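# Secondary and tertiary structure notes
Listed below, chain by chain, are the residues.
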Amino acid sequence: MPPRVAALTSEAAAARWLLSAGAVRQRAEAMLARAERGDSAHFVYRPARLAPTVDIVIDTIRANYPSLVVPFHSRWRHFEAGGNDRWAALSARTAVDGAERARIRFDLAISSVLLDAGSGPRWSYLATDGARYTRSEGLGLASFAMFSNGMFSADPDNALRCDATALLMLDSERLAQAMQVTDANPLAGLDGRTSLLIQLGRTLAADPLHFGTPGRIGNLFDFLRKQAPDRRLPASSVLHAVLEAFGPIWPGRHSLAGVPLGDAWPHPAFAGDDAGMGFVPLHKLSQWLSYSLIEPLQEAGIEVTDLDQLTGLAEYRNGGLMLDVGLIEP
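Figured I'd write up the structure that's included with this text.

### Some words on the overall build of the protein
For the protein, the helix and strand inventory stands at 14 helices and ten strands. The C-alpha radius of gyration of the protein comes to 21 Å, within 12% of the 20 Å expected for a compact globule of 330 residues. Taken over the C-alpha atoms alone, the protein extends approximately 60 × 55 × 45 Å along its principal axes. Long-range pairs, those at least 24 residues apart, make up 68% of the contacts in the protein between residues at least 6 apart in sequence. Carbon together with sulfur atoms contributes 56% to the accessible area of the protein, which is approximately 16,200 Å² in total. For the protein, the distance from the average position of its 31 positive side-chain charges to the average position of its 36 negative side-chain charges is 1 Å.

Structure below.
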């Protein structure tokens, strides 16, 4: 095999591996081992603080969920802000079959998750219950209202969908109005959110394998359903589909052999490593999105198995916990 072809084949194999739940866990374990050896340039790991950290987590779980039935960390929790299950109310007045209900839930969850980025400290959203919500809850309720009102649908007879045609017609002015943005209520990254949704529209239109024709987010449900002929689907398959399908929407990300790597970044600890080409994958938002798709799949009668193939999310709440309790120190 010519050297260039061999290199491309190696890169393609590395890209496939990096777009997997197993790669996230394996690289995280390697990073932990590095910190345990004292090789981290930025953090000191304090193993004596692990047990107290676990105790805090257990106590918090028992305080909030005494039955130990813990709901998924997913977008659906934000739609229940203020004790009002808005999806349940919307679903109750929507007469569709089970498969279409799953498509609608995919449309809603994915469009909402992709609108969720740091809102900034001054933005809030006045919901229909008269309360103001900030951060992820506010963004979730704003996107829920946009979706419910048909802002993401180009079909006048079917408001509850998110399709390529509607997304390609979005602009920052419409998004700002829907998210109640004013000079006194500024939202960080408004233009970036708009660009992301427009790029999502382009991706839906260009990928009939995952999104059908015409392109619609909800058709990803049918793609996943075909992978579960026995009505069982590993959680890692959900994540892999999400990473493959939505990889092209992210600006400024790395790629290997033409494959977008998503939330994966080079780290000097793995320089010269052929297996992952020096990258550490996190896939934080994609894993959160995957958790948000489990409930729609379950409601449609598909059992999502092996949930522990996914990981906790590499985000500031979890990192902040470890810093607060001294498990890691700068």
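Further notes follow.
### Section: helix H9 (residues 190–206)
For H9, which comprises 17 residues, the first-to-last C-alpha distance of 25 Å matches the rise-based estimate of 24 Å (1.5 Å per residue) to within 8%. Taken residue by residue, H9 has Leu190, Arg193, Thr194, Leu196, Leu197, Ile198, Leu200, Gly201, Thr203 and Leu204 as its buried positions. Tucked inside the fold, the buried residues of H9 contact helix H5 (98–114), helix H6 (135–148), helix H7 (164–168), helix H8 (172–178), helix H10 (208–211) and helix H12 (235–246).

### With respect to the packing of H5 against H6
It is at 9 Å that the axes of H5 and H6 come closest, and there the two elements cross at 135°. In terms of their interaxial angle, H5 and H6 are classed as oblique. For the crossing formed where H5 meets H6, the hand is right-handed. The residues of H6 that touch H5, namely those facing Ile104, Asp107, Leu108, Ser111 and Ser112, are Gly140, Ser143, Phe144 and Phe147. Among the residues making up the contact of H5 with H6, the classes are represented as four nonpolar, four polar and one charged.

### As for the packing of aromatic side chains
The description of an aromatic ring pair uses the distance of the two centres, along with the angle that the planes make with each other. Going through the model one piece at a time under the given rule, you end up with six aromatic pairs. A centroid spacing of 5.4 Å and a plane angle of 80° characterise the contact between Trp76 and Phe79, whose relative ring orientation is edge-to-face. Of the two residues, Trp76 and Phe79, neither departs from the other in class, the shared state being buried. Ring pairs connect the aromatic residues Trp76, Phe79, Trp87 and Phe144, which therefore count as one cluster. Directly above the ring of Phe270 sits Arg27, whose terminal nitrogen or CZ lies 4.1 Å from the centroid. The cationic tip of Arg105 hangs over the ring face of Trp76; the distance from NZ or CZ to the ring centre is 4.2 Å.

### Quick look at unusual backbone geometry
The omega torsion across Thr213 and Pro214 is -5°, close enough to zero to call that bond cis. Of note in this structure, Arg135 is not a glycine but carries a positive phi near 50°. Turning to its location among the elements, Arg135 is positioned in helix H6. Classification of Arg135 by relative accessible area gives partly exposed; the value is 46%. Backbone geometry at Arg231 places phi at a positive 65°, although glycine is not the residue there. Looking at the element boundaries, Arg231 is found in the loop between helix H11 (219–226) and strand S4 (232–234).

### Some points on the environment of Ala14
When you line up the elements, Ala14 lands in helix H1 (residues 3–18). Sequence spacing of Ala14 and Val44 is 30 residues, and the spatial spacing of their C-alpha atoms is 30 Å. When near neighbours in sequence (up to four residues on either side) are disregarded, Ala14 contacts Leu256, Asp274, Ala275, Gly276 and Met277.

### Some words on the nonpolar core
Membership of the largest hydrophobic core comes to 72 residues, with the highest contact counts inside it found for Phe106, Ile110, Phe152, Leu200, Phe246 and Leu297. Of all the elements, H5 adds the most residues to this core, at nine residues. Excluding residues that lie within four positions of it along the chain, Leu297 makes contacts with Phe106, Phe221, Leu224, Leu233, Val238, Ile302 and Val304. Counting seven residues, the second largest nonpolar core, distinct from the first, contains Ala15, Leu18, Leu256 and Ala264.

### Concerning a nonpolar patch on the surface
A grouping of Val57, Ile61, Tyr65, Leu68 and Val70 is seen on the molecular surface, where their side chains present a nonpolar patch of about 380 Å² in accessible area. Mapping Ile61 onto the fold places it in helix H3 (residues 50–64).

### Observations concerning the side chain of Ser74
When you line up the elements, Ser74 lands in the loop between H3 and helix H4 (86–92). Polar contacts involving the side chain of Ser74 include one to the side chain of Arg77, which spans 3.3 Å. If near-sequence neighbours (up to four positions away) are discounted, Ser74 is found in contact with Trp288, Tyr291, Ser292 and Glu295.

### Focus: the pattern of salt bridges
Counting across every chain of the model gives 15 salt bridges. We note a salt bridge from Asp107 to Arg216, for which the minimum N-O separation is 2.8 Å. Linking Asp107 in helix H5 with Arg216 in the loop between H10 and H11, this pair joins segments that are 109 residues apart in sequence. With respect to burial, Asp107 and Arg216 carry one shared label: buried. If you follow the salt bridges from partner to partner, you end up with Glu100, Arg103, Asp107, Arg216, Asp222 and Arg225 in one network.

About the criteria used
Residues numbered from 1 in each chain as written. Predicted model: local features only at pLDDT ≥ 70, side-chain atom pairs only at ≥ 80, totals over all residues. Heavy atoms only, no water. Helix = DSSP H or I, 4+ residues; strand = E, 2+ residues; numbered from the N terminus. Rg over C-alpha atoms; globule rule 2.2 N^0.38 Å. Contact = heavy atoms within 4.5 Å. Areas by Shrake-Rupley, 256 points an atom, 1.4 Å probe, with all protein chains shown as cover. Lys, Arg positive; Asp, Glu negative; His and termini not counted. Charge placed at Lys NZ, Arg CZ, Asp CG, Glu CD. Expected span 1.5 Å × (residues − 1). Buried < 20%, exposed > 50% of the residue type's maximum accessible area, 1.4 Å probe, protein only. Axes fitted to C-alpha atoms, helices over the stretch in contact; angles between N-to-C directions. Parallel < 35°, antiparallel > 145°, perpendicular 65-115°, else oblique. Left-handed = near helix turned anticlockwise from the far one by under 90°. Nonpolar A, V, L, I, M, F, W, Y, C, P; charged D, E, K, R; others polar. Phe/Tyr/Trp six-rings, centres within 6.5 Å; stacked < 30°, edge-to-face > 60°. Lys NZ or Arg CZ within 6 Å of the ring centre and 35° of its normal. Core = buried A, V, L, I, M, F, W, Y, C linked by side-chain atoms within 4.5 Å. Patch = residues over 30% accessible without salt bridge, like charges linked within 9 Å, V, L, I, M, F, W, Y side chains within 5 Å. Salt bridge = Lys/Arg side-chain N within 4 Å of Asp/Glu carboxyl O. Polar contact = N/O pair within 3.5 Å; in protein donor to acceptor, adjacent residues only side chain to side chain.

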